[in-house]
Amino acid sequence: MKVQKTIVEKLLDQKKIPHESYTYPNNGFSDGVTVASYINKPVKQVFKTLVCTGSKGIHVFVIPVAEELDLKKAAKVSGQKYVEMIPQKELLPTTGYIHGGCSPIAMKKLFPTFIDKSRENFDSIIFSAGKIGKQVQVGVKDLISLTNAKLESICKGEVC
């Protein structure tokens, strides 16, 4: 049985961007640390996409799955007075993705995007391919190019 490509994988193919896809069991929703173990990759290389709203609209933050977004840092780097997580019911209409399957690539609109600096440990990172059960590994430079992302320190604690 051929696995159907996601919109993210199709876009990467169309733009001839090298990537590797991974599948994992879709048992509903799996946290990112579990996903990393399913695909046998280091937890620090697997990232999650968080969508926030704030005083200047929607912004996207890409951070390691085991870390937590620091909302004050996120607001500061995005030039906003505050940011908060977008209500879950607004995620699909805003981005085209559901909770647990949100990718920084191929959203309905290109939102200002920030990738945590901890990605500097890797030439490529792994994140959702736009569907629960699918991940994609993409070079960081390619991800920055596709999303016009900025690298910033946006996680809580000293790890990020």
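Up top is the structure these notes are about.
Everything in this summary refers to the structure shown in the same document. Think of each chain on its own: its residues are numbered from 1, step by step along the sequence as written. Local features in this predicted model are restricted to residues of pLDDT 70 or higher, and side-chain atom pairs are both shown and tallied only at a pLDDT of 80 or more, whereas totals for entire chains, interfaces and linings draw on every residue. The side-chain quantities take in all heavy atoms of the structure and omit both hydrogens and water.

**Some words on the sheet that holds strand 6 (residues 124-128)**
The strands making up a sheet are joined through hydrogen bonds of the backbone, oriented either antiparallel or parallel.
Stage number 1. A pair of strands counts as paired when DSSP detects no fewer than two bridges linking them. Secondary structure follows DSSP: runs of H or I at least 4 residues long count as helices, runs of E at least 2 residues long count as strands, and numbering of each begins at the N terminus. Strand order in the open sheet formed by 3 strands is 1-7-6, with antiparallel pairing between adjacent strands. The outermost strands of the open sheet, each flanked by one partner alone, are strand 1 (19-23) and strand 6. If you compare each strand with its neighbour and ignore which way they point, the axes differ by 25 degrees on average.
Stage number 2. Pairing of strand 1 with strand 7 (residues 134-139) involves 5 bridges; the strand directions are antiparallel. Among the inter-strand pairings, Thr23 is bridged to a residue of strand 7, identified as Lys134. Convention adopted: a line fitted to C-alpha atoms gives each axis, helices being fitted over their contacting stretch, and angles between N-to-C directions are expressed from 0 to 180 degrees.

**Overview of the sheet that holds strand 5 (residues 113-116)**
Stage number 1. Across the sheet, 5 strands lie side by side as 4-2-3-5-8; this open sheet has mixed pairing. This sheet does not close on itself; its edge strands, each paired only once, are strand 4 (83-85) and strand 8 (150-152). Adjacent strand axes in the sheet meet at a mean angle of 35 degrees when their direction is disregarded.
Stage number 2. Taken together, the 3 bridges between strand 3 (residues 57-64) and strand 5 define a ladder with parallel strand orientation. Paired with Phe61 across the bridge in strand 5 is Phe114.

**Regarding the pattern of salt bridges**
Stage number 1. A carboxyl oxygen of Asp or Glu within 4 Å of a side-chain nitrogen of Lys or Arg is what we treat as a salt bridge. Tallied over the full model, the rule gives 3 salt bridges.
Stage number 2. Between Lys5 and Asp13 there is a salt bridge, with its nearest N and O atoms 2.5 Å apart.
Stage number 3. Buried, partly exposed and exposed residues are distinguished by accessible area as a fraction of the type maximum, computed with a 1.4 Å probe on protein chains only: under 20%, between the cut-offs, and over 50%, respectively. Judged by relative accessible area, which is 31%, Asp13 ranks as partly exposed.
Stage number 4. With a closest N to O distance of 3.1 Å, Glu68 and Lys156 form a salt bridge. With Glu68 in the loop between strand 3 and helix 3 (71-77) and Lys156 in the segment after strand 8, this residue pair connects regions lying 88 residues apart in the sequence.
Stage number 5. In this structure Glu68 comes out as partly exposed when scored by relative accessible area, which is 47%.
Stage number 6. Lys156 sits in the partly exposed class, given a relative accessible area of 41%.

**A look at the side chain of Lys134**
Stage number 1. Relative to the elements of secondary structure, Lys134 occurs in strand 7.
Stage number 2. Of the polar contacts made by the side chain of Lys134, one reaches the side chain of Glu9; its length is 3.0 Å. Counted as a polar contact is a pair of N or O atoms within 3.5 Å, where, for protein atoms, one must be capable of donating a hydrogen and the other of accepting one, and residues adjacent in sequence contribute only when both atoms are in side chains.

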